[in-house]
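Examination of the molecular architecture
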Amino acid sequence: MYDLKNFTLDEKIRLLTGIDAWRLYMADGKLPEVFLSDGPHGLRRVGNPKEGGGDTTIFATAMPNVVNLGNGWDEGLARLSGSTIADECVMHGSDVLLAPGVNIKRSPLCGRNFEYFSEDPVLAGRLGKAFIEGVQSKGVGTSLKHYALNNSENDRYSASSEIDERTMREIYLTPFEIALQAKPTTVMCSYNKINGIHASENRYLLKDILRDTFGFEGIVISDWGACHNRFKSLKATLDLCMPEKGDAFDQVKEAYEKGWVSEEDIDYCAENVLTFIARLQEMKKIRKVEWTKEERHENTVKIATESMVLLKNDDGVLPLKKRSICVLGELAKKPAICGGGSSHVRTEYTQKHLADLLKETLEVEVDYEDAYHGHTCGLVGARSSIERAAKADQVVLVVGEDTSLVCEAMNRTALRLLPKHEMLIENVARVNENVIVVIEAGSAIDTSPWQHLVKGILYAGYGGDGTNEAICALLCGKSVPCGKLSETFPFAADDVVSNPNYARGGIDRYEEGILYGYRGAEYNEIPVLYPFGYGLSYAAFDYENLTVEKTGDASCTVSYDVINRSDFPAKEISEVYVRDISCRVLRPEKELKAFSKDLIPANGKKRVSVTLTERDFAYYSVNLKDWYVENGAFDILVGASSDDIRLSARFTATLPEEKQFT
Ligand code: BGC
């Protein structure tokens, strides 16, 4: 559509860098405007010259954060989130949404975990892929980010992620590889270095792996400010440097004149940019707005409701009974709905007070007290909170972490709640035996100091505009909890296998290799607070009749019944893990390879089927520079969490001898 021949050398060089914070070069009207906007949990459209420019973003629907999409384990929900945000992109003319991020949650301390899906590569990749499909189905482009190995926020501009090839391919690049199947229009490279070379200048990652191995055909753009020397990044095939960079043109021109880059190097990226702009023009033809404002809000409530995780429910304290309730905590009034940084959404939606929602729904007496203000001051009205709690039959206590603690560009410093929140829980639990704690947070929280004192815990994540309505629906039993943790909750940061090497200054050694997260805890027999894949329901499910039907030398169909033993329909996430029994290299105890979230009728059952392919049995061989399945026995494990395996069966891989190295 746009012919490179119609552009001068200078114009081609200008194409390789943005003209301001959000737009691409237009070559005096030869090219249409392309406007990029954040982000993963809602549109953050900043600085549009037509709208007066500046730093203030427009109002948009605040979606549940990606942490919730992870805990939802539902590709349908991820697709719905993407497609809801894309509607607002279409309405405001944003051509590319700078999302989703599929980086692995290597440590619960990473400050950006709320923007990422999971610690598991298959779960993160599949949900990322679905999100991209949702956005691009509306004719809006996406940016799969942050490629790669950006797993810590401290020193993110300069730290080097030092990692071996097998770990890189099996764990950290796999979610990108899977999500790329949805053909995102762009990939955003990360700020950090990988084995000493910045992502933006890393030809091995950008060309050899991303394009030549994974087959990516879109453009690679730099994270904002991640491009250092434009000529070096050009050599690495970084197509677009963002945002504008004053010296970019001169750096490339000078390198060209000195013979360090050729016109072919420039043409390679310039052509990619033109093809990308042409693709966006094609995509524009299918642009549509599907949802009304009210429907977009309903989508946030649905996603939030189906992604909160019930961690504890002793004596069936939940759903709440039709008896008096005391709601405590300022977050009940002004919930923490989103982490901070470039993904923060400016919403105009005013949350209804959780106490009012509970009162309307249950028609019982509901008392309320702030108990604390913000994150910086101490407890307020401590005595009256306790008096009120003592009088009520049930207490709902809302605690958590707001953007002052959870924000891009800084890691978290602790896994425990603020001391004042813990103190409040302890004080209230002394006077009331039916305490339910609701946690609003973006990553794992250490609940161990106080969880034995309370009967119920609901992990809400960040539910966006849907936060309080979703919490109310779950607490009252209007909806049945159906989220599960997409990350391990450790007892303490010191229990995290990667911790000794994590974010320790300029060099970030991934010495734990493939044994991090649940893989690391299981291999090293470290007890965890809540295991990967864990989450309770008001229903009870049984698993029966596992069959493994061989469909090839190293592939099969796994089928099993999920039976709902309750009187109401409910959703269950079932998880399929593979354990390599006979392999002669190190492998984790087991790895998630498939999952399914299904609505099971009251007292009914559903037969669930998933397929496993050769790749699901393979490890990455650094000798072969390829994925390799070693023939022999594998266990197929089906469970309700990584720590609750209900069914198992044996599978034997029988690849021909020519494919084996024995
Ligand atoms: C973030 C990206 C974001 C970009 C533009 C960067 O600081 O890392 O995720 O898309 O800013 O706002």
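Above this text is the structure in question.
This report concerns the structure included in the present document. (Residues numbered from 1 in each chain as written. Predicted model: local features only at pLDDT ≥ 70, side-chain atom pairs only at ≥ 80, totals over all residues. Heavy atoms only, no water.)

Along the chain, the regular secondary structure elements total 16 helices and 24 strands. Taking 2.2 N^0.38 as the reference for a compact globule, 662 residues should give roughly 26 Å; the C-alpha atoms of the chain span a radius of gyration of 25 Å, in line with that estimate. When the backbone C-alpha atoms are referred to their principal axes, the chain occupies close to 80 × 65 × 45 Å. Here the chain holds 662 residues, and 64% of them are scored as buried. For the chain, contacts bridging at least 24 residues in sequence account for 77% of all contacts bridging at least 6. Surface exposure of the chain reaches about 23,400 Å², of which carbon and sulfur atoms provide 48%. In the chain, the 77 positive side-chain charges and the 99 negative ones have mean positions that sit 1 Å from each other. (Helix = DSSP H or I, 4+ residues; strand = E, 2+ residues; numbered from the N terminus. Rg over C-alpha atoms; globule rule 2.2 N^0.38 Å. Buried < 20%, exposed > 50% of the residue type's maximum accessible area, 1.4 Å probe, protein only. Contact = heavy atoms within 4.5 Å. Areas by Shrake-Rupley, 256 points an atom, 1.4 Å probe, with all protein chains shown as cover. Lys, Arg positive; Asp, Glu negative; His and termini not counted. Charge placed at Lys NZ, Arg CZ, Asp CG, Glu CD.)

Before going further, it helps to spend a moment on the pairing of strand β23 (residues 632–641). Burial of β23 is extensive: 10 of the 10 residues sit out of reach of the surface. Note: strand β18 (residues 570–580) against β23, 6 bridges, orientation antiparallel. The residue of β23 that forms the bridge with Val 576 is Val 638. Relative to strand β24 (residues 644–653), β23 runs antiparallel, the two being bridged by 9 bridges. Paired with Leu 637 across the bridge in β24 is Ser 648. A loop of 2 residues connects β23 with β24, the two strands running antiparallel in sequence. (Pairing = 2+ DSSP bridges.)

In this fold, His 297 is placed in helix α11 (residues 293–305). Classification of His 297 by relative accessible area gives buried; the value is 14%. Setting aside anything within four residues of it in sequence, one finds His 297 in contact with Tyr 349, Asp 465 and Glu 469.

Next up on the list: the site of the ligand. Of all residues adjacent to the ligand, which total 14 residues, the nearest are Asp 38, Arg 112, His 146, Tyr 191 and Asp 223. One of the side-chain nitrogen or oxygen atoms of Arg 44 is found 3.1 Å away from an oxygen atom of the ligand. Residue His 146 places a side-chain N or O atom 2.7 Å away from an oxygen atom belonging to the ligand. Against a free-state accessible area of 310 Å², the protein chains account for coverage of 94% of the ligand. In terms of residue class, the shell around the ligand is built from 5 nonpolar, 2 polar and 7 charged. (Near = heavy atom within 4 Å. Polar contact = N/O pair within 3.5 Å; in protein donor to acceptor, adjacent residues only side chain to side chain. Nonpolar A, V, L, I, M, F, W, Y, C, P; charged D, E, K, R; others polar.)

This part covers the packing of helix α12 (residues 354–362) against helix α15 (residues 467–476). Taken N-terminus to C-terminus, the directions of α12 and α15 make an angle of 40 degrees; their axes are 9 Å apart at the nearest point. As far as their axial angle goes, α15 and α12 are oblique. Considering only the axes of α12 and α15, their crossing is right-handed. Contact residues: Leu 354, Leu 357, Leu 358, Thr 361 and Leu 362 in α12; Asn 468, Glu 469, Ile 471, Cys 472, Leu 475 and Cys 476 in α15. A class-by-class count of the residues in the contact of α12 with α15 yields 8 nonpolar, 2 polar and 1 charged. (Axes fitted to C-alpha atoms, helices over the stretch in contact; angles between N-to-C directions. Parallel < 35°, antiparallel > 145°, perpendicular 65-115°, else oblique. Left-handed = near helix turned anticlockwise from the far one by under 90°.)

In a beta sheet, neighbouring strands pair by backbone hydrogen bonds and run either parallel or antiparallel. Taken together, the 3 strands give an open sheet; going across it, the order is β16-β17-β20, and neighbouring strands pair in antiparallel fashion. Here the strands that pair on one side only, and so sit at the sheet edges, are β16 (541–552) and β20 (605–612). Between one strand and the next, the sheet's axes are offset by a mean angle of 20 degrees, whatever the strand orientation. Of the strand pairs in this sheet, β16 and strand β17 (residues 555–564) are connected by 9 bridges, and their pairing is antiparallel. Its bridge partner lying in β17, Lys 550 is registered against Cys 556.

Next up on the list: the nonpolar core. Ranked by size, the top nonpolar core spans 96 residues in total, and within it Leu 358, Val 396, Leu 475 and Tyr 560 carry the most contacts. Ranked by residues supplied to this core, first place goes to α15 with 6 residues. Inspection of this core shows a minimum of three residues originating in each of domain 2 (305–498) and domain 3 (541–659). For Val 396, the residues in contact, after removing those within four places along its chain, are Leu 320, Ile 325, Cys 326, Val 327, Leu 328, Leu 354, Leu 358, Ile 436, Val 438 and Leu 475. Core analysis: the next-biggest nonpolar cluster, separate from the first, contains 71 residues, Leu 173, Ala 179, Tyr 518 and Leu 592 among them. (Core = buried A, V, L, I, M, F, W, Y, C linked by side-chain atoms within 4.5 Å. Domains from an automatic or database assignment.)

Turning to the side chain of Thr 167, a few remarks are in order. One can find Thr 167 in helix α5 (residues 165–172). If sequence neighbours within four positions are ignored, Thr 167 has contacts with Tyr 172, Gly 513 and Ile 514.

Across the 11 residues of β18, 9 count as buried, placing the element largely inside the fold. Bridge analysis of β18 against strand β19 (residues 591–600) gives 9 bridges, and the strand direction is antiparallel. Bridge pairing in β19 links Glu 572 to Asp 598.

With that settled, consider the environment of Ala 444. Tracing the backbone shows Ala 444 in the loop between β13 (435–440) and β14 (456–459). Among the residues examined, Ala 444 registers a relative accessible area of 1% and is labelled buried. Sequence-distant contacts of Ala 444, defined by excluding residues within four places in its chain, comprise Pro 108, Arg 412, Leu 415, Tyr 459, Glu 487, Thr 488, Phe 489 and Pro 490.

Let us now look at the pattern of salt bridges. This structure, assessed with the given rule, holds 61 salt bridges. Here Arg 615 and Glu 177 are joined by a salt bridge, their closest N and O atoms 2.9 Å apart. Note that Arg 615 is positioned in the loop between β20 and β21 (619–621) and Glu 177 in helix α6 (residues 174–179), a separation of 438 residues in sequence. Classification of Arg 615 by relative accessible area gives partly exposed; the value is 28%. Classification of Glu 177 by relative accessible area gives buried; the value is 19%. Salt-bridge contacts for Glu 306 lead to Lys 302; the nearest nitrogen and oxygen are separated by 3.1 Å. (Salt bridge = Lys/Arg side-chain N within 4 Å of Asp/Glu carboxyl O.)

Where helix α13 (residues 382–391) contacts helix α14 (residues 419–431), the axes come no closer than 8 Å and their chain directions differ by 40 degrees. Taken as axis vectors, α13 and α14 run oblique relative to one another. Remark: the crossing between α13 and α14 carries right-handed chirality. For the pair α13 and α14, the contacting residues are Ile 386, Ala 389 and Ala 390 in the first and Asn 427, Val 428 and Val 431 in the second.

Right, let's talk about helix α3 (residues 75–92) for a bit. Taking 1.5 Å of rise per residue, the 18 residues of α3 would be expected to cover 26 Å, and the 26 Å separating its terminal C-alpha atoms lies within 8% of that figure. Among the 18 residues of α3, 13 are classified as buried, and the element is accordingly described as predominantly covered. Capping the start of α3 is the job of one residue whose side-chain oxygen sits 2.7 Å from the backbone nitrogen of Gly 76: Asp 74. Just beyond α3, the residue with positive phi is Gly 93, at close to 80 degrees. (Expected span 1.5 Å × (residues − 1).)

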